[in-house]
Every structure is written in structure tokens, then in C-alpha cells.
Amino acid sequence: MRRIVVVGAGQAGLVLALGLQTHGYAVTVVTDRDAETIRAGRLISNQCVFHPALTRERALGINFWDGTAPEMLGASFGLAGDSAEPAIAWQARFDHPAQSVDQRVKVSDWLTAFAGRGGEVRYGKVTPDGLEEYAREFDLVLVAAGRGPRFDGLFPRDAARSRYSEPQRTIGILYLVAGNDEPLPVYPGLTFGLSPAGELFGLPVQSVRGPVFGLGFFGVPGGPLDVWDDVTDTDAHFELAMSLLREQFPWVEESLAGARPSGPLDALRGRVLPIVRDPVGTLPSGAKVLAMGDTAVTNDPIAGQGANMAAYAAAVYERRILDHGDRPFDEAFLRGTFAEYWERAQHATRLSNDLLAPPPDHVLATLEAAQTAPEVARRFANIFADPADYAGWLTDEEIARAYLASNGA
């Protein structure tokens, strides 16, 4: 049986490793932290996983949180206006419930499950130079080490597919609980607020501490939400977040009255550079390695596509490996695997990149029409689960306005 190593233990790498494990593959996962350290560490991300990715997890028997994690039933949208109430507001159900589980919980549980099922876990921080050893030992080396510049030289930026060269949002995320330890009276789904300064996203999360509310601000650089650079602790983050809520998204404030941070490590601040990379890296020896997940394609988290595309990548890569049999994992295989993934992933990248720009008039018209046309609201809410529908709809003004007319808007 082929020997495969996955460098990185995030959503993409672990779902692939667990999937290949069910088919008897000898898979090794390399990570710089053990499960206990991950679970006890700082917040990693705020993710919303939609039905297609959840279906994959359930098929592998690795969605350990069904019945525990709060179901996310739909989306609640508000556009900031000149008063405390939103200028545009609507709610719509998802076709299938979504789910948000703290990545500290997911990664630690999956890593434990992988090892418990006989998988080999090696610990250490891998550099590009260190991949040579793995290339000599394994039939296939997959790099799923997350975003960041560590592998810039190995997987260079694909200029044709990368719209931006700088981060487009400053991000501040915080987990909240009620002061009396009762559940916060929040919308049971994705809360999405839009203002000229940026965006607000909120969602119920199953965290390391139980149910919490994840509150995230995505600020246009240089604007009123670009405030996180000098924040150093969670209490200061909380005070600033509540102030931003009152100023930019006041209609959300009431549901978070009395909230407090869920823990000192439950905050995250930073910037993300959206980038698509050449997925095939060539080591000095001439050996080829394949990137996946955020290492290959990093989207700004504004559209919530990271974890979802990671799960999809794992499914595509797994099937390609299984179908390849005993043939060599040559460059044609590596590029063909990424190309199949990109056929769908390009729509998630387009959606994420478009949300970073001011919405065009036909998109604003669609958001306004959703107030009185339930089918328009439902369709918009579900583009996050199926970005391909966005690509065939809201990227074309003529199609979008014809659709509104057909729905009486």
C-alpha cells in the first residue's frame, strides 16, 4: 500500500488523512503541536461549516458533535443605515443546517482519533528544506500547513488567479458567553452585518468551553473597524468590540447585552492575504510535492469558505489518490488533482474576493429585494454553501436583474 505523508494537521490535512486511513493507506501526519496543546491554546479561527462539508465529515464518521453543537438554521442580514435600525434587514433559512465547532476542538479530537485508529503522528515544525527527507521516505508528500509565508518560495503566488497583493480586512474575533452563564438570546444562525466600514459576522459555536457566541469584525483598512493593531489582551478586545457594535451595528447590541469573554485565550486578531499559489512545489532534489487547503488557496474568511473548501479538497484528493492505484504520483497527477479541486474552488475564491469590494448596484438591489421576496433571501443565504450558484447568478448584472423581475422584485 502507498505511503503518504500529510504535513499539517488542520481541516484539510486531517480529513484527508482520516479518509485515506479508512481505505487502509499508511498515512503519517506531521504537526508541531499535540492534541492537548491545541485544545488548551489560543483561538485558531471562527468557522462556519455548511452542509456539503458536514456531509463529508459524517460519511467518514468524524463529525463527533452532532447533537451537541448548536444547529445554525439560517442567515440574518442587516445593512447599516442612518439610524439604530438597519436600512435593509431580512432573515432566511439555509436549505440544510450549518454548524460551527471551535477548531481547537475539531483538530484535537481528529488528531486523537487518527492516532487511535493506528495512524502515525510525528511532531515537529517542517521547513521547505525539511521536506526532502519526507520525499525520500514517502510515495506522496502533501503540504497542508495552513496559510503564511513559510512556503512562499516553494509554492509561489499565481498572479493570474490572485486578485489582491495586500490584505483587504483587519480581523478581530472574540468568543462570548452570557454573564449569568445562560445562553445569549442570539439569532440561531449566521448574523451578517454590512456597513461602509466593513462587516460583522456572528454565530453560535461549540467551543472548548461549551456553547459560545463568536463575534467577528472585518474592517476595511484605514476605516473605523481597523482598530486591532494595538490591542494586547482579551478584556481590551471585548471593550473595543462592544464599542464598535454600538457605533456600526447597533441593532445587534441588544442580543449581546450582559455578554462577557468566554476565556482569556478566546480572541483572535490579524490580517489575511487572499492568495492562490502554484500548487506543485519542486524540491532541490527534483522531487515534487503538492499543496492543499490554505497552503494552496487562502481566501479571506469574509465568506466563510476556508473550512468548507478544505473539506472539499480532502474529498477530491482522496478520490484521486484511490483512483490512481499503483502508478507514480508524478507532476501530471499532482496538477490534475489541484485542477479538479479548482473547478469548484474558484467559485469560493470569486465569492470571497467580491465580498471584499463595495457591492455593485445589482447586488444591493438583491439584498433589498430579499426583504419582501423570501425566495431571493433564501437563495442569497445559501450561496455560502454553494458558491457556484453565486458565480452563475450575482456575478452577472443582467442575469441578477432578470431573476429579481421573475420574483416580482
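It should be noted that the structure appears before, not after, this text.
Residues numbered from 1 in each chain as written. Predicted model: local features only at pLDDT ≥ 70, side-chain atom pairs only at ≥ 80, totals over all residues. Heavy atoms only, no water.

> Please clarify how the overall build of the protein should be interpreted in this entry.
Along its length, the protein carries 13 helices and 16 strands. On C-alpha atoms alone, the protein measures out to a radius of gyration of 21 Å, which is about the 22 Å that the 2.2 N^0.38 rule sets for 409 residues. Along the three orthogonal principal directions, the C-alpha set of the protein runs to about 65 × 50 × 40 Å. Considering the protein as a whole, with its 409 residues, one finds that 54% of them fall into the buried category. Restricting the contact set of the protein to residue pairs at least 6 apart, pairs at least 24 apart contribute 76%. Entry remark: accessible area of the protein is about 16,500 Å², with carbon and sulfur atoms responsible for 50%. Each charge sign in the protein was given a centre, from 36 positive and 52 negative side chains, and these centres are 5 Å apart. (Helix = DSSP H or I, 4+ residues; strand = E, 2+ residues; numbered from the N terminus. Rg over C-alpha atoms; globule rule 2.2 N^0.38 Å. Buried < 20%, exposed > 50% of the residue type's maximum accessible area, 1.4 Å probe, protein only. Contact = heavy atoms within 4.5 Å. Areas by Shrake-Rupley, 256 points an atom, 1.4 Å probe, with all protein chains shown as cover. Lys, Arg positive; Asp, Glu negative; His and termini not counted. Charge placed at Lys NZ, Arg CZ, Asp CG, Glu CD.)

> It is not clear to me how the pattern of salt bridges should be interpreted in this structure. Could you clarify?
Between side chains of opposite charge, a pair can form when the charged atoms approach closely. Under the defined criterion, the tally for this structure stands at 30 salt bridges. Between R3 and E137 there is a salt bridge whose closest N-O contact spans 3.5 Å. In this pair, R3 is assigned in strand 1 (residues 3-7) and E137 in helix 5 (residues 131-137), connecting sequence segments 134 residues apart. For R3, a relative accessible area of 29% corresponds to the partly exposed category. A salt bridge links R378 to D95, with the nearest nitrogen and oxygen atoms 2.8 Å apart. Residue R378 is located in helix 11 (residues 374-381), and its partner D95 is located in strand 4 (residues 88-99); the two are separated by 283 residues in the primary sequence. R378 gets classed as partly exposed once you look at its relative accessible area, which sits at 27%. Overall, the relative accessible area of 45% leaves D95 in the partly exposed class. Three or more residues joined by partner-sharing salt bridges are found here, namely R3, E120, R122 and E137. (Salt bridge = Lys/Arg side-chain N within 4 Å of Asp/Glu carboxyl O.)

> So what exactly am I meant to see when it comes to the pairing of strand 15 (residues 288-291) here?
Across 2 bridges, strand 6 (residues 140-143) lies against strand 15 in parallel orientation. Bridge pairing in strand 15 places L142 opposite L290. Two elements, strand 14 (residues 280-282) and strand 15, share 3 bridges in a ladder whose sense is antiparallel. Across the sheet, residue V280 finds its bridge partner in strand 15, namely L290. (Pairing = 2+ DSSP bridges.)

> Help me understand the environment of E340, please; the structure alone is not making it clear to me.
Among the structural elements, E340 can be located in helix 9 (residues 331-355). Measuring from C-alpha to C-alpha, the distance between E340 and V316 comes to 7.3 Å, with 24 residues separating the pair along the chain. Residue contacts for E340: discarding those within four places in its chain leaves Y312, V316, R319 and R320.

> What is the right way to read the sheet that holds strand 1 from this model?
Pairing between the strands of a sheet comes from backbone hydrogen bonds, and it takes one of two forms, parallel or antiparallel. Read across the sheet, 6 strands follow the order 5-2-1-6-15-14 without closing on themselves; strand pairing throughout is mixed. On the outer flanks of this sheet lie strand 5 (120-123) and strand 14, each paired with one strand and no other. Ignoring which end each strand starts from, the neighbouring axes of this sheet average 25 degrees apart. As judged from the 5 bridges shared by strand 1 and strand 2 (residues 26-31), these two strands associate in the parallel manner. (Axes fitted to C-alpha atoms, helices over the stretch in contact; angles between N-to-C directions.)

> What is the right way to look at helix 13 (residues 397-406) in this model?
Because an α-helix packs 3.6 residues into every turn, residues spaced three or four apart end up facing the same way. Taken residue by residue, helix 13 has A400, Y403 and L404 as its buried positions. Here the buried residues of helix 13 occupy an arc of 100 degrees about the axis, which is enough to place them on one side. In helix 13, the exposed positions that point more than 90 degrees away from the buried face belong to E398, A405 and S406. Looking at the buried positions of helix 13, the neighbouring elements they touch are helix 10 (361-369) and helix 11. At the N-terminal boundary of helix 13, the capping side chain belongs to D396, with an oxygen 3.0 Å from the backbone nitrogen of E398. Positive backbone phi, at 70 degrees, marks G408, one or two positions downstream of helix 13. (Arc of directions from axis to C-beta. Polar contact = N/O pair within 3.5 Å; in protein donor to acceptor, adjacent residues only side chain to side chain.)

> Could you clarify how one ought to interpret helix 1 (residues 11-22) in this entry?
Taking 1.5 Å of rise per residue, the 12 residues of helix 1 would be expected to cover 16 Å, and the 17 Å separating its terminal C-alpha atoms lies within 8% of that figure. Within helix 1, 11 of the 12 residues are buried, leaving the element largely enclosed by the surrounding structure. Turning to helix 1, its buried residues number three or more, namely Q11, A12, G13, L14, V15, L16, A17, L18, G19, L20 and Q21. Against strand 1, strand 2, helix 3 (51-59), helix 4 (103-116), strand 6 and helix 8 (306-324) lie the buried residues of helix 1. Immediately downstream of helix 1, the backbone of G24 shows phi near 85 degrees, a positive value. (Expected span 1.5 Å × (residues − 1).)

> When you look at the packing of aromatic side chains in this model, what are you seeing that I'm missing?
Each pair of aromatic rings is reported with the distance of its centres and the angle of its planes. Considering all chains together, one arrives at 19 aromatic pairs under this definition. Through a chain of ring-to-ring contacts, the aromatic side chains of F77, W90, F192, F201, F218, F380 and F384 assemble into a single cluster. Here the basic side chain of R344 rests over the ring of Y312, its NZ or CZ set 4.5 Å away from the ring centre. The lysine or arginine in question, R379, covers the ring of Y403, its NZ or CZ lying 4.6 Å from the ring centre. (Phe/Tyr/Trp six-rings, centres within 6.5 Å; stacked < 30°, edge-to-face > 60°. Lys NZ or Arg CZ within 6 Å of the ring centre and 35° of its normal.)

> For this particular structure, what's the right way to read the nonpolar core?
It is characteristic of soluble globular proteins that their nonpolar side chains tend to be buried jointly. L131, L142, Y317, I321 and Y341 are the most contacted members of the largest nonpolar core, which has 65 residues in total. If we ignore the near neighbours within four places in the chain, the residues touching L142 are I4, V5, V6, V7, L16, L290, Y317 and I321. Listed in part, the 48 residues of the second largest apolar core include M72, L194, F201 and A369. (Core = buried A, V, L, I, M, F, W, Y, C linked by side-chain atoms within 4.5 Å.)

> What is the right way to read the environment of A370 from this model?
Topologically, A370 is positioned in the loop between helix 10 and helix 11. Judged by relative accessible area, which is 5%, A370 ranks as buried. The sequence separation of A370 and R350 amounts to 20 residues, and the corresponding C-alpha distance is 22 Å.

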